[in-house]
Amino acid sequence: MYTLGSEGTPADVHKRKRCTNVPGLITQMCIFALFSSPSHAANNVWRERYISDFGQILPDPNLQTPTGKIVKYWLEPNVFNKTMFSKPLEVWNNGYVSTTNRSPVEYEVNLTGSSVLGWKALYRQQSVLRNLTLQLQNITDTSESDYPFQPFVTFPAKQVPGNAITAAEFGALMGITAEVVPWHINCSPDGCDSVLKAALDYLGKHTKNVQQFSVDYGWWVKYPTFVVGQRSDGTLLGVCSTEIAT
């Protein structure tokens, strides 16, 4: 399914075709050199390591993954039969949620210009998401009826590079029809829950501009909540949940 991830970069494919056009023994030597090169070996290592530790990267059309189940609640209409999202959301089993059908693998390979670096970035990012989710596994938003936090990643918004994304920009990026507002979970004038603070500090070590967003629920009973930081390219990653308006 992921030809770039399994075959290498377009440059690798071009070199492979060029090699096979050389006759006889030279062809064998050329192919051997290509497939025993450090870049190809490293690509296999990172891809195989990812699959070994986290499994294949696949879409989740039926919303059966932990993140998918959270999204499924978001897509339910409210009492007025209105939905919160203007566009369908596509979910992948590594936590990606977006309004596009862009493959996370293709995005990372194109961004880094290398299948080696692309899979390496995916591996490191998934490690951060897993550790962050584990830190927050016993933390919910504000009440016992809320849902546990699950991994969340989405592709960059078109804001000024390096600037923190605003609540309005985040809402537009996700196609949220209700107002998105800044938010603070499990916090009081005396400070935040110590477990949550440690998790936020951890996310801050691996991203920048860590922020918390929520949908202004109005007539909604279940509404999305997000804790996200930004990578240098603008990709947002962190966790998401569903809070119950009571």
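See the structure above.
These numbers come from a predicted model, not from an experiment. Within any chain, residue numbers begin from 1 and follow the written order of that chain's sequence. The predicted origin of the model limits local features to residues at a pLDDT of at least 70 and limits the giving and counting of side-chain atom pairs to 80 or more, whereas totals for whole chains, interfaces and linings rest on all residues. Hydrogens and water are ignored here; the side-chain numbers use all heavy atoms of the structure.

Even after reading the chapter, I still don't get unusual backbone geometry, so can you show me in this structure?
A negative phi holds for most residues other than glycine; trans holds for most peptide bonds. Even without a glycine there, the phi angle at Leu63 is positive, about 55 degrees. The class of Leu63 is buried, set by a relative accessible area of 11%. The backbone of Asn209 sits at a positive phi, close to 55 degrees, despite the residue not being glycine. A relative accessible area of 28% means that Asn209 is categorised as partly exposed. Only protein chains enter the accessibility calculation, which uses a 1.4 Å probe. A residue is then buried if its area is under 20% of the maximum for its type, exposed if over 50%, and partly exposed in between.

Please explain the packing of helix α7 (residues 115-135) against helix α9 (residues 194-206) as it appears in this structure.
Angle between the axes and distance between the axes: these two values describe a pair of packed helices. Interaxial distance between α7 and α9 falls to 9 Å at its minimum, and their mutual angle equals 170 degrees. With respect to each other, α7 and α9 are oriented roughly antiparallel. Only Val195, Ala198, Ala199, Tyr202, Leu203 and His206 of α9 make contact with α7, whose side of the interface consists of Ser127, Val128, Asn131, Leu132 and Gln135. Axes, fitted as lines to C-alpha atoms, cover a helix only where it is in contact. Angles between the N-to-C directions of the axes lie from 0 to 180 degrees. Helix and strand definitions follow DSSP, with helices as H or I runs of at least four residues and strands as E runs of at least two, each counted in order from the N terminus. The labels follow the angle: roughly parallel below 35 degrees, roughly antiparallel above 145, roughly perpendicular from 65 to 115, and oblique for the rest. Whether two residues touch is decided by their heavy atoms; if any such pair falls within 4.5 Å, the residues are in contact.

Teacher, can you tell me more about helix α8 (residues 167-174) here?
An α-helix turns once per 3.6 residues; consequently, residues spaced three or four apart project the same way. Regarding α8, the residues found buried are Ala167, Phe170, Gly171, Leu173 and Met174. The buried residues of α8 occupy one face: seen down the axis, they fall within an arc of 160 degrees. Those residues of α8 that are exposed and aimed more than 90 degrees away from the buried face are Ala168 and Ala172. On its buried face, α8 sits against β2 (97-98), β3 (150-154), β4 (180-182), β7 (208-215), β8 (222-230) and β9 (236-244). Following α8 by one or two positions, Gly175 adopts a phi angle in the positive range, close to 70 degrees. Arc, as used here, means the arc of the directions from the helix axis to the C-beta atoms.

Would you explain the nonpolar core in this entry?
The tendency in soluble globular proteins is for nonpolar side chains to be buried side by side. Among the nonpolar cores identified, the biggest contains 28 residues, and Trp74, Phe152, Phe170, Met174, Ile176, Phe213 and Phe226 are the most heavily contacted of them. When contributions to this core are tallied by element, the ones reaching two or more residues are α5 (66-74), α8, β7, β8 and β9. Once residues lying within four places of it in the same chain are set aside, the contact partners of Phe226 are Trp74, Phe152, Phe170, Ile176, Trp183, Gln211, Gln212, Phe213, Val239 and Cys240. Side-chain atoms within 4.5 Å link the members of a nonpolar core, which is a set of buried Ala, Val, Leu, Ile, Met, Phe, Trp, Tyr and Cys residues. Grouped together as the second largest cluster of nonpolar side chains are 27 residues, Trp92, Tyr107, Leu122 and Tyr202 included.

Any chance you could explain the sheet that holds β7 here in plain terms?
Hydrogen bonds along the backbone pair up the strands of a sheet, which may run parallel or antiparallel. Here the rule is simple: two strands pair whenever DSSP picks up at least two bridges between them. Pairing within the open sheet is antiparallel, and its five strands lie in the order β3-β9-β8-β7-β4. Edge positions in the sheet fall to β3 and β4, since each of these pairs with one other strand and no more. On average, adjacent strands in this sheet sit at an angle of 35 degrees to one another, irrespective of strand direction. Pairing geometry for β3 and β9, over five bridges, is antiparallel. Within β9, the residue paired with Gln150 across the bridge is Cys240. Sheet strands touched by α5: β3, β8 and β9. Its angle to β9, the strand with the most contacts, is close to 50 degrees. α8 contacts β3, β4, β7, β8 and β9 of the sheet and is inclined by roughly 145 degrees relative to β4.

Where do I start with the packing of aromatic side chains in this structure?
For any pair of aromatic rings, the description consists of the separation of the ring centres together with the inter-plane angle of the planes. Here is the rule: rings of Phe, Tyr and Trp (six-membered ring for Trp) pair when centre to centre is within 6.5 Å. Planes less than 30 degrees apart are stacked, more than 60 are edge-to-face, and the remainder are tilted. Within the structure shown, the criterion is met by 13 aromatic pairs. Between the aromatic rings of Phe170 and Phe213, the centroid separation amounts to 5.0 Å while the plane-to-plane angle is 25 degrees, which identifies the pairing as stacked. Taken together, the residues span a long stretch of sequence, with Phe170 in helix α8 and Phe213 in strand β7 at a distance of 43 residues. For the residue pair Phe170 and Phe213, the accessibility class agrees, reading buried in each case. By the ring-pair criterion, three or more aromatic residues cluster together here, those being Trp74, Phe85, Phe152, Phe170, Phe213 and Phe226. Look at NZ for Lys and CZ for Arg. If either is within 6 Å of the ring centre and within 35 degrees of the ring normal, a charge sits over the ring. The ring of Phe155 has Arg102 lying over it, and the distance from NZ or CZ to the ring centre is 4.8 Å.

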